[in-house]
Amino acid sequence: MLRTFRADLHIHSCLSPCGDEEMKPFAIVTQALAMGLDMIAICDHNSAENIAVFISAGHKRGLAVIPGMEVTSKEEIHLLTLFERQEDCLALQDLIYQNLPGENLEGVFGRQTVVNERGETIGINPKMLIGATLLSLEQIVSVVGSLQGITIASHIDRQAFSLLGQLGLIPEGISLDGLEVSIRTSKGEAQKRFHDYQRFSFVRFSDAHRLEDIGKNITHFLLEKTSSDEVKMALHHQEGRRVVEQ
Amino acid sequence: MTVFDIFKSFELNVRAGKDRLHEEVTGGYASDLLSDVIAHSRKGNIWITIQTHPNIVAVATMKELAGIILTGGREPDADTIKKAEEEGMPILISPLLTFELVGKLYKIGISGMSPC
């Protein structure tokens, strides 16, 4: 039985250097539930070290948390990646870590806090997570596909770090699963501006770096249950699953 | 001035479009944001960038640019070379960083402002 689920699948935790320190499991889950969300995804820059504790924190309170990561390609394009299984997300993280040069400058970019479920700091990630990997757009899309994941081009309406900002147009034959539009661009405006790309599914997520932004830009999905595989089916209009236009 | 004159002046390496170096250069544009190149480059410009993705060929062809120079010794992706050969778009590479190369190009008379 299909029903509509409210999803915000692009939220940064305190692990992202630009994410607020308050972006911890209990607070994020509380805010997501208060905003009436059924499903969220934690997508930190080039790292998934906080996903397990968020999944567990969400599970206890009836909120689905999808494992994910926001990967930066060598062209400096941000790509939202989502997975059904944590192991697959962590397999991508291994590849990212082998291809991510540099060390974080905490004073410049911010602190990269690894937390436990109670929100206590258990480590600081030393890598320069804000930097670009050495992997091309095509390589990332292909690896994510082989891990049965989803790749969505982040905030294509923004100039900075977006597929259209960096590369001007969407390369032919690329198997992206969807395009994300940020809160800055209205639905009507997006339809006009991205008319040429109607073959892709469009989604809207908050890209929240602060608690108050969670759930402010969301997508309704018609699914059987909350899972990354179901979202993937919706993005490709399979078996009745789809994005519900509001 | 043609792409060939630039190639000769700076001993650049050609990676694609060897037989298309006779195009007249109307000016230069330096940027790594392809959306910016689409918005601001002009027909016949020589384009200086560090992006190596195949889309540089699509953008240069669409804007009818005279050619692309990759700086810092960056090599075009294999698909980029293939596409450039198909489209007849010259790709040259220079070991110089963008700032240095643009300075040298300016000195030999290539301006950022195209006449048209």
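Every value quoted in this text rests on a predicted model; they were computed, and no experiment measured them. (Residues numbered from 1 in each chain as written. Chains lettered and ligands numbered in written order. Predicted model: local features only at pLDDT ≥ 70, side-chain atom pairs only at ≥ 80, totals over all residues. Heavy atoms only, no water.)

K.L.:
Is there a simple way to think about the overall build of chain B in this case?
P.N.:
Tallying secondary structure elements over chain B gives five helices and five strands in all. Ordered by position from N to C terminus, the α and β elements of chain B give α-β-β-α-β-α-β-α-β-α. By the compact-globule yardstick of 13 Å for 116 residues, chain B fits well, its C-alpha radius of gyration being 12 Å. Taken along the three principal axes of its C-alpha coordinates, chain B extends 35 × 30 × 25 Å. A burial count over chain B gives 48% of its 116 residues as buried. Sequence-distant contacts in chain B: of pairs separated by 6 or more residues, those separated by 24 or more amount to 47%. For chain B, the computed accessible surface area is about 5,700 Å², with 55% contributed by carbon and sulfur atoms. Of the charged side chains in chain B, 12 are positive and 15 negative; the average position of the first set lies 3 Å away from that of the second. (Helix = DSSP H or I, 4+ residues; strand = E, 2+ residues; numbered from the N terminus. Rg over C-alpha atoms; globule rule 2.2 N^0.38 Å. Buried < 20%, exposed > 50% of the residue type's maximum accessible area, 1.4 Å probe, protein only. Contact = heavy atoms within 4.5 Å. Areas by Shrake-Rupley, 256 points an atom, 1.4 Å probe, with all protein chains shown as cover. Lys, Arg positive; Asp, Glu negative; His and termini not counted. Charge placed at Lys NZ, Arg CZ, Asp CG, Glu CD.)

K.L.:
Just to check I follow, could you spell out helix H2 (residues 51–60) of chain A for this structure?
P.N.:
Along an α-helix, a turn takes 3.6 residues, which lines up residues three or four apart on a common side. Inspection of H2(A) places A:Ile51, A:Val53, A:Phe54, A:Ile55, A:Ala57 and A:Gly58 among the buried residues, and these make up the whole buried set. After H2(A) finishes, the residue A:Gly62 shows a positive phi value of roughly 75°.

K.L.:
Where do I start with the side chain of A:Gln112 in this structure?
P.N.:
Residue and element names in this part refer to chain A. The residue Gln112 is located in the loop between helix H4 (106–109) and strand S5 (113–115) in this model. With relative accessibility at 0%, the residue Gln112 sits in the buried group. A polar contact is formed between the side chain of Gln112 and the backbone oxygen of Asn125, at a distance of 2.8 Å. A polar side-chain atom of Gln112 sits 2.7 Å from the main-chain carbonyl oxygen of Lys127. Excluding its chain neighbours within four sequence positions, the residues that come into contact with Gln112 are Cys14, Leu15, Pro17, Asn104, Gly123, Ile124, Asn125, Pro126, Lys127, Leu129 and Ile130. (Polar contact = N/O pair within 3.5 Å; in protein donor to acceptor, adjacent residues only side chain to side chain.)

K.L.:
I keep staring at the confidence of the model for chain B and nothing clicks. Help me out?
P.N.:
Residues shown with low pLDDT carry predicted positions that ought not to be read at fine detail. Summing up the model confidence of chain B, the mean pLDDT is 94 and the portion of residues at 70 or higher is 97%. Model confidence for the complex: the whole-complex pTM is 0.92, and ipTM, which rates the interface, is 0.80. (pLDDT = per-residue confidence, 0-100.)

K.L.:
Mind showing me how you'd approach the interface of chain A and chain B here?
P.N.:
Size of an interface, as often reported, equals the accessible area lost when the parts are brought together. Taken together, the contact pairs 13 residues of chain A with 13 residues of chain B. Both sides of the chain A and chain B interface together cover about 940 Å² of buried area, and 50% of this is carbon and sulfur. Among the residues of chain A in contact with chain B, A:Gln166, A:Leu167 and A:Leu169 are the three that bury the most area, contributing 45% of the side total. Taken together, chain A and chain B are joined by one salt bridge. B:Asp77 is the partner of A:Lys74 in a salt bridge, and the nearest nitrogen-oxygen pair spans 3.3 Å. Counting the contacts that link chain A with chain B gives seven residue pairs in polar contact (both at pLDDT 80 or more). At the level of elements, helix H5 (137–146) and helix H6 (163–167) of chain A are the ones that each hand at least two residues to the side of chain A that touches chain B. Sorting elements by how many residues they give to the side of chain A that touches chain B places H6(A) first, with four residues. For the side of chain A that touches chain B, a count of residues per class yields six nonpolar, four polar and three charged. (Buried area = accessible area lost by both parts, 1.4 Å probe. Salt bridge = Lys/Arg side-chain N within 4 Å of Asp/Glu carboxyl O. Nonpolar A, V, L, I, M, F, W, Y, C, P; charged D, E, K, R; others polar.)

K.L.:
What is the right way to look at the state of the cysteines in this model?
P.N.:
Covalent bonding between the sulfur atoms of two cysteines defines a disulfide. One pass over the structure, following the stated rule, counts zero disulfides over all chains. No disulfide involves A:Cys43; its nearest neighbouring cysteine sulfur is the one of A:Cys89, lying 7.8 Å away. (Disulfide = S-S within 2.5 Å.)

K.L.:
What exactly am I supposed to notice about the layout of surface pockets here?
P.N.:
Which parts of space are left empty comes out when a probe the size of a water molecule is rolled across the atoms. Considered as a void within the structure, the largest pocket measures approximately 420 Å³ in volume. For the lining of the largest pocket, the class distribution of residues is eight nonpolar, seven polar and four charged. (1 Å grid on protein atoms, 1.4 Å probe; cavity = no way out; pocket = protein on both sides within 12 Å on 5 of 7 lines; lining within 4 Å. Points joined across faces, edges and corners; volume = space filled by probe spheres on them.)

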